[in-house]
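# Notes for the structure review
Each chain, written out:
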Amino acid sequence: LRANNYAKAIEMQERAVRLAQELNDNSLMFEAGSNREETYSVLRGMAFDQFQQGIQQNQTNQFTAAIQSWEKALQIYRLLQDPNREEDVLKALGDVYYRIGNYARAKETQEQLLAIVRERGDAAQTSEDPLRSSLGYTEKELGNYTPAIAQMEQRLATARANNNFMDMAAALDSLGHMYSTLGNYAKAIENHEKSLAIVQKDGDRLREAAVLSYLGNAYYDLGDYGKAISYYKQGLPTHQGSKLPQAHSMHASMLGLLGNAYLKFGEYTTAINYHEQRLAIRRLINDQQGEANTLARLGTIYGILGKQTKAIEYGEQSLATYRAVNDQAGESNALSGLGGIYEAFGNYAKALEYYQKSLTISQKIKSKPREVVAFADIASVLQKQKQPELAIVFYKQSINVSEVIRRDTHRLDRELQATYTVRVAENYRKLADLLLQQNRIIEAMQVLDLLKVQDLQDFLKDSQGKEMTQKGVSLIPEETEIAQTLQTSTQSLPTVVSSTRIQAQVQNLQKTAVSQSLKLNSYQNLQSRIKKLGKNVALFYPLILDDRLELVILTADRPPIRKPVPITKTQLATAIETFRKQLQSRDPLIQPSAQALYQRLIQPIEAELKVAGVNTIAYAPDDIMRYVPLAALHDGTQWLAERYQINYLTALALTPLEPDPNTNPRVLAAALTEEHKIKILDKTYTFPALAFTKPEVENLAKTLPNTTTLIDRTFNRSNLSKALPSSTIIHLATHGHFVPNSPDQSIILLGDGSTISLREIEQQWKFPNVSLVVLSACETAIGGKLGNGIEILGFGYQMQRTGSRASISSLWTIDDGGTQGFMNSFYGNLKQGTSPAAAIQQVQRDFIQGKITPQDIQLLRAGASPDIPGGIPTDLTHPFYWAPFILIGNGL
């Protein structure tokens, strides 16, 4: 016992009792039994002391020591066969393992705890259910979304069965948090609203405040800061006056959330006021981590306001407070924040000093997201110091760490995840910009492809890329040498950067970088992938920067070409918006706008396209350029559609390149004809009846005989699921509503009035044999104001993830009958054996040349009811009718 060998001590005592019993000696039995009880008593005391010591260590953030104490307590309670105390220790261990990010151990511990609770039977149901939520959160952090949601759904079901309304509310909030983390804010809001109704009826004011904050957070993440503020303010008075410590903590949290929301509106004085109130409460309740976080936020705001002294003062206080509680992750954040303040005020040496310390701690605690930010921070300063070669080295390292953790961004807390996501997207752009300025084009193209994947991840919250993207960006040999020198040096970063050795390595890099980049495996890989697309294909990657537009093209047999165009991001956006308005209004004077964009986007590269014999452009658009139908640009003589096939790419690394194995199409054609009202979040949308979709799919069936049709009520999830696996072409003549920055509000309307969101598509639809998905809808790809256009490629990418090679959607609302004419001609071309890209180009040429006439469409409409109104336009040559449909994926 004195040697802490508890198991041996108990074994000896048990043997002593048994021997006394065998000897039938009452005095010996009494002595042995007393000794045994004394041993048990000592062990219970030791276990209790270890448990209490672990609690104190945990409260002071000594997590490793706390785990060691609790593990000792757990060992003793198991020897004593005390399941109740064992349960207490496992609960504490599970919580601390989760807190420090050791999710595998957290899951193991929580499962052990759940097993103990289950052994107590039905009476323990109430104790079992909260454990399901904890285990669900841990599963989520491990990336196991299905079992995570299943645990929470089980808790909700049990609570409903037992009429336990407050537990129902807790389960609903757990589900809401889960969906928020996954970016499914519509589902999150739905669950939190149900929870709010329960807690308001019960009168639990503190719980009500918590749920109101959850709703505010969901709207904040959606970008609706006004709605977020409304919920936060509703939550403020619901706990004032309470003496409970958690009420003070909740009040402080709500004040901080309000400060963050007002900061988004640029209302700095109001934001500061809320954060100062939050700071006072955090200090009152001795929450030092909350205090440090608030100080850092105030420092950031004062930095934005240009008040350097005050910004640094708050930043240093934050740093000292994090150090006092030994919060190294917080310390890394504070160092990064101070570095940002010094960088903003031009003190680059001081900024590098703080960023270097932040990087060192990030690597020490193995926080890869913070490492990504630190590398990028250093690169940013070096870029401003006119050291582009060194900046490139650090940006590459930042991006390569990003690619390693691409699948793990869901593990970050809300605040860090938001910062991390924004920074990563910026890193790709800044690196591509620097590489292009150095004429290292092939490396820039690799970065641009990764940028496409990152944009999809930001939109869908779960785009993981493929093996090619996860390898990151190649460092050429000279860059590897520089990185090793910087990593092994014990000097401060400003000193080592200016050293003779580093500067000599930089000079050597300047001489060899362009030639070395053409020797990279990534260059050979890119060219081989383009050859698979076709001999006369050009890969076209534009990049929009604040001060210019970069045009990059690569063909199968020639080196890459870069053409910078002197137009600002704002000027380009204005030109695109004007062009789109003219397209959608059918402006007869559209050619000047179409020519102006042609001169910016195509004319700088048209000579190279001609020399390379290009007849097909594989177009990977950037940002707002995703809203531009490239086919509708005009060179003064012809529309671009008359010269080139256009195939949109999500990213080359994500595009299937194998030949299409399907030679005999099997078509599933579904149509919606009736009006439906659909509620999405707090808005109700009316989707009008589509009179001519039925004859559209009926004509399709005549063109391609091996076609299954589903109309209205038969066009439902169940029938789709049965028909999808055997189809090679899926044609959906229905409404789509694709919203910028929201995959959960981006939906496809089914014929029975139900919907399926972009997020649900991958989970519920599988296309093992599909070559093409066509969404012949009235409002696809754009659901409102222009964003960055990622919702367009988001639809195409989700189709690819389900197994389809390519998809077709439209860029604006078009005439129902015009769509009918387009699709009838398109499928007629496909029947002749042409590729989807060639089939679309031929339809476009036919419209432009007047070969598709109003009389042709009238004949197609013959199958519709005669009382359906709708005149047929007399001129179908306007690009409004033939340019909106875009092909995404591999339709070559």
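Values in this document were obtained by computation on a predicted structure and should not be read as measured data. (Residues numbered from 1 in each chain as written. Predicted model: local features only at pLDDT ≥ 70, side-chain atom pairs only at ≥ 80, totals over all residues. Heavy atoms only, no water.)

### Re the overall build of the protein chain
Along its length, the protein chain carries 37 helices and 16 strands. The buried share among the 892 residues of the protein chain stands at 56%. The contacts in the protein chain between residues at least 6 apart in sequence include a share of 69% that link residues at least 24 apart. When the accessible area of the protein chain is evaluated, it comes to approximately 37,000 Å², of which 48% is carbon and sulfur surface. (Helix = DSSP H or I, 4+ residues; strand = E, 2+ residues; numbered from the N terminus. Buried < 20%, exposed > 50% of the residue type's maximum accessible area, 1.4 Å probe, protein only. Contact = heavy atoms within 4.5 Å. Areas by Shrake-Rupley, 256 points an atom, 1.4 Å probe, with all protein chains shown as cover.)

### Digging into the pairing of strand 4 (residues 616-619)
Neither face of strand 4 is left uncovered, since the one carrying T616 and A618 and the one carrying I617 and Y619 both have all their residues buried. Looking at chain direction, strand 1 (residues 537-544) and strand 4 are connected through 4 bridges and run parallel. Within strand 4, the position partnered with A538 by the bridge is I617. Bridge count between strand 4 and strand 5 (residues 645-648): 4 bridges; the pairing is parallel. Residue pairing for strand 5: I617 is matched across the bridge by I646. (Pairing = 2+ DSSP bridges.)

### A few points about the sheet that holds strand 13 (residues 755-757)
In space, the 3 strands of this open sheet follow the order 11-12-13, with antiparallel pairing throughout. One side of each edge strand has no neighbouring strand; the edge strands of this open sheet are strand 11 (736-739) and strand 13. Put simply, the sheet's adjacent strands are angled 20 degrees from each other on average, direction ignored. Alignment of strand 12 (residues 742-749) against strand 13, held across 3 bridges, turns out to be antiparallel. (Axes fitted to C-alpha atoms, helices over the stretch in contact; angles between N-to-C directions.)

### A word on the packing of aromatic side chains
Given two aromatic rings, one states the distance between the centres and the angle between the planes to describe the pair. One pass over the structure, following the stated rule, counts 18 aromatic pairs. With a centroid separation of 6.2 Å and an interplanar angle of 45 degrees, the aromatic rings of F375 and F394 are classed as tilted. Placement of the pair is F375 in helix 18 (residues 368-384) and F394 in helix 19 (residues 388-404), with a sequence separation of 19 residues. Using a relative accessible area of 6% as the deciding quantity, one classes F375 as buried. (Phe/Tyr/Trp six-rings, centres within 6.5 Å; stacked < 30°, edge-to-face > 60°.)

### So, empty space enclosed by the protein
Taken as a whole, this structure holds 7 cavities of 30 Å³ or more when the rule is applied. Along its surface, the largest cavity is lined by 14 residues, and A631, I646, Q844, F885 and I886 are the ones closest to its centre. Listed by contribution, the elements that provide at least two residues to the lining of the largest cavity are strand 5, helix 35 (836-848) and strand 16 (885-889). Partitioned by chemical class, the residues of the lining of the largest cavity number 11 nonpolar, 3 polar and no charged. (1 Å grid on protein atoms, 1.4 Å probe; cavity = no way out; pocket = protein on both sides within 12 Å on 5 of 7 lines; lining within 4 Å. Points joined across faces, edges and corners; volume = space filled by probe spheres on them. Nonpolar A, V, L, I, M, F, W, Y, C, P; charged D, E, K, R; others polar.)

### Considerations on helix 13 (residues 268-284)
Structural remark: α-helix, 3.6 residues per turn; residues separated by three or four positions point the same way. Its 17 residues give helix 13 an end-to-end C-alpha distance of 24 Å, which sits within 8% of 24 Å, the value for a rise of 1.5 Å per residue. For helix 13, the set of buried residues is A271, I272, Y274, H275, R278, L279, I281 and R282. Each element contacted by the buried residues of helix 13 is listed here: helix 11 (225-235), helix 12 (245-264) and helix 14 (288-304). Two residues or fewer after helix 13 comes N286, characterised by a positive phi angle close to 60 degrees. (Expected span 1.5 Å × (residues − 1).)

### A closer look at unusual backbone geometry
Look at N163: it is not a glycine, yet its phi comes out positive at around 55 degrees. Looking at where N163 falls in the secondary structure, it is placed in the loop between helix 7 (145-161) and helix 8 (165-181).

### Looking at the packing of helix 3 (residues 63-79) against helix 4 (residues 83-99)
With their axes 9 Å apart at the nearest point, helix 3 and helix 4 run at an angle of 155 degrees to one another. With respect to helix 4, the axis of helix 3 lies roughly antiparallel. Between helix 3 and helix 4 lies a crossing of left-handed hand. Residue-level inspection shows F63, I67, W70, E71, A73, L74, Y77 and R78 of helix 3 in contact with helix 4, the latter providing R85, E86, V89, L90, A92, L93, V96, Y97 and R99. In terms of residue class, the contact of helix 3 with helix 4 is made up of 12 nonpolar, no polar and 5 charged. (Parallel < 35°, antiparallel > 145°, perpendicular 65-115°, else oblique. Left-handed = near helix turned anticlockwise from the far one by under 90°.)

### Some remarks on the pattern of salt bridges
All told, the structure shown has 29 salt bridges when counted by the stated rule. Measuring nitrogen to oxygen at the nearest pair gives 3.0 Å for the salt bridge that ties R282 to D287. On the basis of relative accessible area, R282 is assigned to the buried category, the value being 6%. Linking E760 and R717 is a salt bridge whose minimum nitrogen-to-oxygen distance equals 3.5 Å. Here E760 is found in helix 32 (residues 758-764), whereas its partner R717 is found in helix 31 (residues 717-723), with 43 residues between them in sequence. Given a relative accessible area of 26%, R717 falls into the partly exposed group. (Salt bridge = Lys/Arg side-chain N within 4 Å of Asp/Glu carboxyl O.)

### Considerations on helix 25 (residues 500-517)
Given a rise of 1.5 Å per residue, 18 residues ought to cover 26 Å, and the 25 Å separating the end C-alpha atoms of helix 25 matches this to within 8%. Approximately 45 degrees is the largest bend angle found in helix 25, and it occurs at K511. (Bend = angle between axes of the 7 residues up to and from the residue.)

### Thoughts on the environment of V496
With respect to the helices and strands, V496 occurs in helix 24 (residues 493-497). The class of V496 is buried, set by a relative accessible area of 5%. Between the alpha carbons of V496 and L486 there is a distance of 7.0 Å; along the sequence they are 10 residues apart. Excluding its chain neighbours within four sequence positions, the residues that come into contact with V496 are L486, S489, Q491 and I502.

### Quick notes on the packing of helix 9 (residues 185-202) against helix 10 (residues 205-222)
Where helix 9 meets helix 10, the axes come as close as 9 Å, and the angle between the chain directions of the two elements is 160 degrees. In terms of orientation, helix 9 lies roughly antiparallel with respect to helix 10. At the point where helix 9 passes helix 10, the crossing takes the left-handed sense. Contacts between helix 9 and helix 10 involve Y185, I189, H192, E193, S195, L196, V199 and Q200 from the first element and R207, E208, V211, L212, Y214, L215, A218, Y219, D221 and L222 from the second.

### Describing the environment of L520
With respect to the helices, strands and loops of the structure, L520 is situated in the loop between helix 25 and helix 26 (521-533). A relative accessible area of 11% means that L520 is categorised as buried. Taking the C-alpha atoms as reference, L520 lies 7.6 Å from I476; in sequence the two are 44 residues apart.

### Remarks on the confidence of the model for the protein chain
This prediction gives the protein chain a mean pLDDT of 85; 89% of its residues lie at or above 70. Across residues 864-869 the pLDDT falls below 50, and counting only partners more than four positions away or on other chains, this stretch makes 6 contacts in the model. (pLDDT = per-residue confidence, 0-100.)

### Quick look at the environment of G339
By the element assignment, G339 lies in helix 16 (residues 328-344). As for G339 and L352, which are separated by 13 residues in sequence, their C-alpha atoms are 6.9 Å apart. Ignoring anything within four residues of it in the chain, the contact list for G339 reads A351, Y354 and Y355.

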